[in-house]
Amino acid sequence: MSKELFEKARKYTMFSFTGQAQKEYQPFYMKKADGIRVWDDDGKEYIDIGSQLANVNIGFNNANIIEAVKKQVEELAYVNPKHQYDQRGELGELIIERAPKNMGKVLFTLGGSDANEFAIRFAKAYTGKDKIFSKYDSYHGGTYGASCLTGEPDRASLFPGIPGFVKFQPPHTYVYDIQFDTEEEATRHFLNRLEYQIIEEDPDKIAALFIETVPGSNGVYVYPKGYLKGVRELCTKYNILMVCDEVMAGFLRSGDWFAIEREEVEPDIITFAKGVNSSYAPLGGVIISKKIADYYDENPFTAGLTYNAHPLGVAAAIACIKEYERLGVKDHVLELEGYLKQKLTELKDKHSSIGDVRSIGLFGAIEFSESKEVRKPLEKDENGNYFLQSFISKLRENGLLSFGGGATILVAPPLIITKEELDEVFEKLDEVIQYADGIVDSRK
């Protein structure tokens, strides 16, 4: 039956994020999952070191979240988003209690893309301005407005895009053509470039600056010291809203409820999804500051979607946050943060194909390079195919699942992973990376 349904899926449905023509794409067949592990239709076991798309933070098959969703289906499966029901306010309070202190209210959406769409809407309506800044090498979603925010080359498929979206240089120092002696020097350089661009684009026309607090699928780049604080200062100086996209980094992925907490920065808007309920049901959201909330206390909010604040997603989120607390996930992630850094560094030192490693919390990345000196991304394998696709296939052969972009693979396992399980992951990674070493060494 599985093979028959597999062929039906290929014949009648479209697969997302394939990077290949549909007829060439061979999807992974996921049959069941539990904790940090999944099984295919042949019964082979894998450790999911990418938490699918860095979203199943609590792991699979959590009994308390499943029970909460079941109960909600039986009690109230759907509510018009302009109506009230008990769980809506409960989740709103749980989130605001964990958000930066200047935050006031939450708008619940279905996921990260529409959360960023609504954040654009909030910013333009509140400020009366039109331009929106976001950086290159960013990902903010697949809907039209969120894709215009996104700074990846693939966004070119949307052109012509929506007017008013402006891209700025990301402070990703590993791949930058200037090397700095200190992080502080890098921060000054990139902030000076950003301020110049703000002035040239006219601050009176710029509604908001969007930034992933930790860039996710583009490589988990951790910004140089003081950069996000500097962005906050520039936004304040020029009366621009600072919007932090925490769709991947939020809800303890970084070790904090929101990654911006480490920088002691208060943005004006935060967008979230994924880890809020570990994707046991669709849910995302926009957290707005008290100032913006006060504005809407006096003005109507006329936008919305049929499935905003969907009860099943909300019920799953309440249960998920309670599970984070019950299991002590925050402390657990912070305890393993240093160990993940250590294991990544050991891989980098050992393997000729690894150019850089980066991590925060249990949010890590391995970037492959043609050489450690040149810092050129390893783009093609020995047969001229895209390296990352080949590498992901090798991971699967060795019982690991993950995802990435360019020449970077993510190491972002469910937050319940143990130290012993991390050791198991890195033993397998060590074996697979020898394949990448072979490609690099053969070209010397």
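Anything mentioned here points back to the structure above.
A few points on the structure. (Residues numbered from 1 in each chain as written. Predicted model: local features only at pLDDT ≥ 70, side-chain atom pairs only at ≥ 80, totals over all residues. Heavy atoms only, no water.)

## Brief notes about the pairing of strand 2 (residues 37-40)
Right, so step 1: Neither face of strand 2 is left uncovered, since the one carrying R37 and W39 and the one carrying V38 and D40 both have all their residues buried.
Right, so step 2: Relative to strand 2, strand 1 (residues 30-34) is paired through four bridges, and the arrangement is antiparallel. Paired with K32 across the two strands is W39, which belongs to strand 2.
Right, so step 3: If you look at the hairpin formed by strand 1 and strand 2, you'll find two residues sitting between the two strands, and G35 has a positive phi there, around 65°.
Right, so step 4: In terms of strand pairing, strand 2 meets strand 3 (residues 45-48) through three bridges, oriented antiparallel. In the strand pairing of strand 3, W39 is matched with E45.
Right, so step 5: Here strand 2 folds back onto strand 3, and the loop between the two strands holds four residues, one of which, G43, carries a positive phi near 85°. (Buried < 20%, exposed > 50% of the residue type's maximum accessible area, 1.4 Å probe, protein only. Helix = DSSP H or I, 4+ residues; strand = E, 2+ residues; numbered from the N terminus. Pairing = 2+ DSSP bridges.)

## Points about the side chain of N308
Right, so step 1: You can see N308 is positioned in the loop between helix 9 (290-298) and helix 10 (311-326).
Right, so step 2: Judged by relative accessible area, which is 4%, N308 ranks as buried.
Right, so step 3: In this view, N308 contacts P81, L107, F108, T109, D114 and F118; residues no more than four positions away in its chain are not counted. (Contact = heavy atoms within 4.5 Å.)

## Here we look at the packing of helix 5 (residues 112-127) against helix 9
Right, so step 1: Axis separation between helix 5 and helix 9 bottoms out at 11 Å; the angle between their running directions is 70°. In terms of orientation, helix 5 and helix 9 fall into the roughly perpendicular class. Contacts between helix 5 and helix 9 involve F122, A125 and Y126 on the former and, on the latter, K291, I292, Y295 and Y296.
Right, so step 2: Among the residues making up the contact of helix 5 with helix 9, the classes are represented as six nonpolar, no polar and one charged. (Axes fitted to C-alpha atoms, helices over the stretch in contact; angles between N-to-C directions. Parallel < 35°, antiparallel > 145°, perpendicular 65-115°, else oblique. Nonpolar A, V, L, I, M, F, W, Y, C, P; charged D, E, K, R; others polar.)

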